[in-house]
Amino acid sequence: MYTVHTLNKISQNGLALLGDAYKVSDELNNADAILVRSAKMHDMVLPESVKAVARAGAGVNNIPIEAYAEKGIVVFNTPGANANAVKELVLCGLLLASRKVVDGINWAKTLESDVAKTVEKGKGAFGGGEILGKKLGVIGLGAIGVMVANAAQALGMEVIGYDPYISVDAAWGLSRHIKHANTLDEIYAEADYITIHVPLLDSTKHMLNKEAFDKMKTGVAVLNFSRDTLVQNEDMKVAIAEGKVAKYVTDFPVEDVLNQENIIAIPHLGASTEESEENCAVMAVKEIKDYLEQGNITHS
Ligand code: MLT
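Everything quoted here is computed from the prediction, not taken from an experiment. Here the residue index of a chain counts from 1 through its sequence in written order. The model is predicted, so local features are restricted to residues of pLDDT at least 70 and side-chain atom pairs to those at 80 or more, both for listing and for counting; the totals for chains, interfaces and linings are taken over all residues.

Right, let's talk about the sheet that holds strand 10 (residues 220–224) for a bit. Strands qualify as paired when DSSP identifies two bridges or more between them. The helix and strand labels rest on DSSP assignments: H or I over at least four residues marks a helix, E over at least two residues marks a strand, and numbering proceeds from the N terminus. Across the sheet, seven strands lie side by side as 8-7-6-9-10-11-12; this open sheet has parallel pairing. Edge positions in the sheet fall to strand 8 (179–180) and strand 12 (263–265), since each of these pairs with one other strand and no more. The sheet contact formed by strand 7 (residues 158–162) and strand 8 spans two bridges and is parallel. Paired with glycine 161 across the bridge in strand 8 is histidine 180. Helix 10 (residues 233–241) contacts strand 11 (245–250) and strand 12 of the sheet and is inclined by roughly 140 degrees relative to strand 11. We call two residues in contact when the distance between their C-beta atoms, placed using the backbone, is within 7 Å. Axis angles are defined between N-to-C directions and span 0 to 180 degrees, where every axis is a line fitted to C-alpha atoms and, for a helix, only to the segment in contact.

If you want it as structure tokens, here you go:
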């Protein structure tokens, strides 16, 4: 009998795949494996029984992977399993960046009487622009970046992508709709909208900072549905105040956001769909079973 400790709420349809040879436990003691979503594991002391940790999600920055590697604990993630959910929210973010929907809805909620007439008079304050024909720069051409690029192209955007690990040929193989930039500066110089889809690493932390904003087109909209600290928030606030960045749509909380009317901060809902939670749980459970039962390290 194997014991799997769940650190966050994990989709029941995924857990059901564990089968009779497994016990799901709230207790860490004697656990063979841990299933985790976003809980931070850096300060946790794991019992020697733990052989594997599977993150039901793509990013692994909540897990001390190097320390676990030294102890022989294998860490899995579920790349691609929530990509469609994130892609759909990024598309929503593109539209939120171009249309003043959030401000309009908030204003409409304050109206008390003669609403139709007041709306007719007041809605002029909430005009926006269209994304059709605008250029989207996609930084990072992994599962999510490529899906976003294809969807944006289908909505009539021109798309330019950059990924230091993918050659021009490979990028064309992934998506014929992506023009591949050879440098980040090309993205900064050309894009009307920039969306970032890279993991959080020492080398990517705060990569969207003053130096990057200075190279961007005035009035650019920036989207961050990856990790909060990819963007230097203080530099972002200055870039917004100076009019360099017209809109920042982020899937993370931002301090003082109420005073920043050009920042739309979503409480990290990118992967929060029933479908994606199930996909991630199914993949993570298969990875754990495959490892504990067969010793295989796989991603499906
Ligand atoms: C991921 O890393 O897969 C996403 O950020 C979603 C999540 O945090 O669960």
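Here the narrative resumes, following the displayed structure.
Attention now moves to the nonpolar core. If you look at soluble globular proteins, the nonpolar side chains tend to sit buried side by side. Counting residues in hydrophobic clusters, the biggest one holds 53 residues, and the most contacted among them are Tyr193, Ile194 and Leu223. Ranked by the residues each element gives to this core, the list is headed by helix 3 (residues 83–98), at seven residues. Apart from the residues lying within four places of it in its own chain, the contact partners of tyrosine 193 are Leu94, Ala97, Lys134, Leu136, Gly137, Val220, Ala221 and Leu223. Formed by 23 residues, the second largest nonpolar core is a distinct cluster that contains Ala31, Ile34, Val36 and Val50. In this description, a nonpolar core means buried residues of the types Ala, Val, Leu, Ile, Met, Phe, Trp, Tyr and Cys, linked to one another by C-beta atoms lying within 7 Å. Comment: burial labels come from other C-beta atoms within 10 Å of the residue's own C-beta, placed from the backbone, where a count of 20 or more is buried, 12 or fewer is exposed, and between is partly exposed.

In this document the domain limits rely on a domain assignment from an automatic tool or a database. Taken domain by domain, the protein chain holds domain 1 (2–78 + 274–294) and domain 2 (83–265). Each of domain 1 and domain 2 has a C-alpha centre, and the two are 32 Å apart. Each side of the interface is counted separately: domain 1 has four residues, and domain 2 has five residues. Its residues assigned to classes, the side of domain 1 that touches domain 2 shows no nonpolar, three polar and one charged. Ten residues, namely Ala, Val, Leu, Ile, Met, Phe, Trp, Tyr, Cys and Pro, are considered nonpolar, four, namely Asp, Glu, Lys and Arg, are considered charged, and the remaining ones, Gly among them, are considered polar.

Burial along strand 4 (residues 52–55) is two-sided: Ala52 and Ala54 facing one way and Val53 and Arg55 facing the other are all buried. Bridging between strand 3 (residues 33–36) and strand 4 involves four bridges; their strand directions are parallel. Paired with alanine 33 across the two strands is alanine 52, which belongs to strand 4. Pairing of strand 4 with strand 5 (residues 74–76), which is carried by three bridges, proceeds in the parallel orientation. Looking at the pairing, alanine 54 lines up with phenylalanine 76 of strand 5. With helix 2 (residues 65–70) bridging strand 4 and the parallel strand 5, this β-α-β connection has right-handed handedness. A clockwise course of the path from the first strand over the helix to the second, judged with the strands pointing away from the viewer, identifies a crossover as right-handed.

All residues in the neighbourhood of the ligand are listed as Arg37, Ser38, Gly57, Ala58, Gly59, Asn82, Gly270 and Ala271. Within the shell around the ligand, the residues separate by chemical class into two nonpolar, five polar and one charged. In this text, near has one meaning. A residue is near a molecule or strand if its C-beta atom, placed using the backbone, is within 6 Å of it.

For helix 3, built from 16 residues, the straight-helix expectation of 22 Å at 1.5 Å per residue is met to within 8% by its first-to-last C-alpha distance of 23 Å. Along helix 3, the residues that are buried comprise Ala83, Ala85, Val86, Lys87, Leu89, Val90, Gly93, Leu94, Ala97 and Ser98. For helix 3, the elements touching its buried residues are helix 6 (143–154), strand 9 (193–196), strand 10, strand 11 and helix 11 (274–294). Every helix has an expected span of 1.5 Å times one less than the residues it contains.

A few words on the packing of helix 3 against helix 6. Helix-helix packing is characterised by the crossing angle of the two axes and by the distance between the axes. Contact pair helix 3 / helix 6: the axes reach a minimum separation of 9 Å and the direction vectors enclose 45 degrees. By the angle class used here, helix 3 and helix 6 are oblique. Viewed along their axes, helix 3 and helix 6 form a crossing whose handedness is right-handed. Residue-level contacts link Ala83, Asn84, Val86, Lys87, Val90, Leu91 and Leu94 of helix 3 to Ala143, Ile144, Met147, Val148, Ala151 and Ala152 of helix 6. Tallied by class, residues from the contact of helix 3 with helix 6 come to eleven nonpolar, one polar and one charged. Small angles under 35 degrees read as roughly parallel and large ones over 145 as roughly antiparallel, with 65 to 115 read as roughly perpendicular and the rest as oblique. Each helix crossing is assigned a hand: it is left-handed if the near helix lies turned anticlockwise from the far helix by less than a right angle, otherwise right-handed if that turn is clockwise.

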